[in-house]
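# Remarks on the overall topology
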Amino acid sequence: MAHFRTLKPGQRARVHVHDAVTGEDVVVHESADVLLEAPNWSADGSRLLLNGDGVLLSLAPEAGAEPERIAHEDLPEINNDHVLDPDGQHLFLSAMDGHIHRAPIGGGHAHRVTRDEGVWHFLHGVSPDGRRLAYVRMASFDEPGRLAVIGADGGDSEIVDTGEGHIDGPEWSPDGAWLYFNTERWASEPGHAQLARVPDGGGEVERLVTSGTVDWFPHLSPDGRTAVYIEFPAGTLGHPADRDVALVVVDVDDWSAPRERIRIPGGQGTINVNSWAPDSRRFAYVSYPIEG
């Protein structure tokens with residue numbers, strides 16, 4: 001049974017490349033057939049990497065581009081959590097078997113990294129040296145996700161204490177000093193996620209901004225100066241699809257003063273993983289308008 005999402009009648013998946021300096025926003029591809037999700041970039045900036053129909057796809061970041069399937073062996077159907085290995089030649093991907101896998105970026109044989117059964121591993125971060133992975137660990141969907149770190153070659157996981165409440169989207173800062181994520185530890189009502197960071201190795205959790213919205217997936221640019229995250233309306237539970245959301249661009253020195261808000265129909269799949277280009281100027285995202 002397939003688990004991948006599909007488009008609704010009249011719906012489109014639009015892949016955008018946004019310039020955070022000029023505000024220029026270019027739709028590089030639009031699909032009425034495949035629900036594309038979670039773009040990130042190749043190390044040389046020449047390709048976007050997305051998932052759709054349970055497989056990984058490659059797309060040039062240029063208007064009029066068409067996606068190409070990347071063929072992998074021994075890789076189960078994937079979800080939208082995939083992150084580039086710093087070696088530039090491989091990716092780590094979460095699959096619907098609950099595990100994290102590593103595979104060549106151009107296709108070929110994949111192998112499973114995680115070992116423990118009966119646990120979901122939702123990958124979001126790879127340490128700058130490529131030696132560790134940060135993921136959301138869930139024994140069941142009735143329990144809050146926990147921030148966990150594991151060696152990139154597998155082995156035992158370490159839980160990082162972030163307090164009570166569900167967390168998601170953990171990824172390292174470019175200098176490796178911090179793990180950024182969203183958390184419900186301060187929630188006054190269910191689902192009220194806010195942005196936070198914790199020192200690599202554990203320590204005091206720092207709240208980045210206080211808002212009445214539901215804020216998910218903080219992504220830092222490679223130079224560590226700018227960030228983008230997705231803002232859901234107050235009262236949202238989780239990070240659902242098909243909502244009126246905003247992508248918020250901030251300087252990391254002041255998360256409370258947004259530089260830009262990009263309002264789109266989106267949500268799940270829009271910007272789940274870090275989608276900054278290597279130039280630290282552009283990022284990619286997906287919107288999901290419905291006609292009629």
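Throughout what follows, the structure given in this document is the object of discussion. It should be emphasised that the depicted structure is a prediction, and the values quoted were computed from it without experimental measurement.

Conventions adopted
- Each chain carries its own residue numbering, running from 1 in the direction its sequence is written.
- Side-chain atom pairs in this predicted model are given and counted only at pLDDT of 80 or more, local residue features only at pLDDT of at least 70, and totals for whole chains, interfaces and linings cover all residues.
- To obtain the side-chain values, all non-hydrogen atoms of the structure were included, while hydrogens and water were left out.
- Joining through side-chain atoms within 4.5 Å is the link that ties buried Ala, Val, Leu, Ile, Met, Phe, Trp, Tyr and Cys residues into a set, and such a set is a nonpolar core.
- Relative accessibility decides the category of a residue: with a 1.4 Å probe and only protein chains considered, values under 20% of the type maximum give buried, values over 50% give exposed, and everything between is partly exposed.
- A helix here means a DSSP run of H or I that spans at least four residues, while a strand means a run of E at least two residues long, and both kinds are numbered starting from the N terminus.
- For this analysis, residues touch if any pair of their heavy atoms sits within 4.5 Å.
- What qualifies as a polar contact is a pair of N or O atoms within 3.5 Å, subject to a donor-acceptor requirement within protein and to the restriction that residues adjacent in sequence count only when both atoms come from side chains.
- Note: two strands are recorded as paired if DSSP finds a minimum of 2 bridges between them.
- Helix axes are fitted to C-alpha atoms over the stretch in contact, other axes to C-alpha atoms as well, and angles between N-to-C directions run from 0 to 180 degrees.
- Here, a salt bridge means any side-chain nitrogen of Lys or Arg that lies within 4 Å of a carboxyl oxygen of Asp or Glu.

Looking now at the nonpolar core. Of all hydrophobic cores here, the largest spans 19 residues; its most connected members are Val15, Leu48, Leu50 and Leu59. Only strand S1 (13-19), strand S4 (48-52), strand S5 (55-59) and strand S25 (282-287) provide two or more residues apiece to this core. Once you skip the residues sitting within four places of it in the chain, Leu48 turns out to touch Val15, Val17, Val28, Asn40, Trp41, Leu57, Ser58, Leu59, Pro61 and Ala284. Counting 17 residues, the second largest nonpolar core, distinct from the first, contains Val249, Ile264, Ile271 and Trp276.

This part takes up the environment of Asp200. Along the chain, the position of Asp200 falls in the loop between strand S19 (194-199) and strand S20 (206-207). Judged by its relative accessible area of 26%, Asp200 falls in the partly exposed class. In sequence terms Asp200 and Asp251 are 51 residues apart; their C-alpha atoms lie 21 Å from each other. Once you skip the residues sitting within four places of it in the chain, Asp200 turns out to touch Arg132, Trp172, Gly176, Ala177, Trp178 and Leu179. A distance of 3.4 Å separates the side chain of Asp200 from the side chain of Trp172, its partner in a polar contact.

Attention now goes to the sheet that holds S25. Strand pairing in a sheet takes place through backbone hydrogen bonds and is either antiparallel or parallel in direction. With respect to topology, 3 strands assemble into an open sheet ordered S2-S1-S25, the strand pairing being antiparallel. Each edge of the open sheet is held by one strand with a lone partner, namely strand S2 (25-31) and S25. For this sheet the average axis-to-axis angle between neighbouring strands, irrespective of direction, equals 20°. Sheet topology places S1 next to S2; 6 bridges connect them, and they run antiparallel. When the sheet's bridge partners are listed, Arg14 is paired in S2 with Glu30.

With that settled, consider the pattern of salt bridges. As enumerated under the stated definition, the model contains 16 salt bridges in all. In this structure, Glu37 engages Arg5 in a salt bridge whose closest nitrogen and oxygen atoms are separated by 2.5 Å. Note that Glu37 is positioned in strand S3 (residues 37-41) and Arg5 in the segment before S1, a separation of 32 residues in sequence. When its relative accessible area of 6% is taken as the criterion, Glu37 is described as buried. A relative accessible area of 22% places Arg5 in the partly exposed class. The network of salt bridges with shared partners includes Arg12, Arg14, Glu30 and Glu291.

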